[in-house]
Amino acid sequence: MNGSVIPREQAFADARAVLDRARQRIAVDRSTGRLSPEHELIMRGLEREQADRARTTAQHPAQTAA
């Protein structure tokens, strides 16, 4: 049974690889103008939220452990 269990590190690496490929496809579609206006707005909103989180984390580094 142990042979069929995926180690935690491998699971995270696999998930990261899938996420990286998806982000690359989105970046290519976006740079070539293939995203719909609705999806472009979603992307901008997500980028804004990410930037806000990064600013908050930089301002309060002691709270990042949670």
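Scroll up to find the structure.
This one's a predicted model, so the numbers in the text were calculated from it and none came from an experiment.

A.B. asks: Help me understand the overall build of the protein chain, please; the structure alone is not making it clear to me.
C.D. replies: In terms of regular secondary structure, the protein chain is built from two helices and zero strands. When the accessible area of the protein chain is evaluated, it comes to approximately 6,000 Å², of which 57% is carbon and sulfur surface.

A.B. asks: Sorry, what's going on with the pattern of salt bridges here?
C.D. replies: In the structure shown here, the tally under the stated rule is six salt bridges. Here R16 ties to D20 by a salt bridge, and the two come within 3.8 Å at their closest N and O atoms. Of this pair, R16 and D20 both sit in helix α1 (residues 8–31), four residues apart, which is roughly one turn of that helix. Using a relative accessible area of 38% as the deciding quantity, one classes D20 as partly exposed.

A.B. asks: For this particular structure, what's the right way to read helix α2 (residues 37–59)?
C.D. replies: A turn of α-helix holds 3.6 residues, and therefore any two residues three or four places apart point the same way. With 23 residues, α2 extends 33 Å from end C-alpha to end C-alpha; this agrees with the ideal 33 Å at 1.5 Å per step. Those residues of α2 that sit buried are E40, M43 and G45.

What counts and what doesn't
- Residues numbered from 1 in each chain as written.
- Predicted model: local features only at pLDDT ≥ 70, side-chain atom pairs only at ≥ 80, totals over all residues.
- Heavy atoms only, no water.
- Helix = DSSP H or I, 4+ residues; strand = E, 2+ residues; numbered from the N terminus.
- Areas by Shrake-Rupley, 256 points an atom, 1.4 Å probe, with all protein chains shown as cover.
- Salt bridge = Lys/Arg side-chain N within 4 Å of Asp/Glu carboxyl O.
- Buried < 20%, exposed > 50% of the residue type's maximum accessible area, 1.4 Å probe, protein only.
- Expected span 1.5 Å × (residues − 1).

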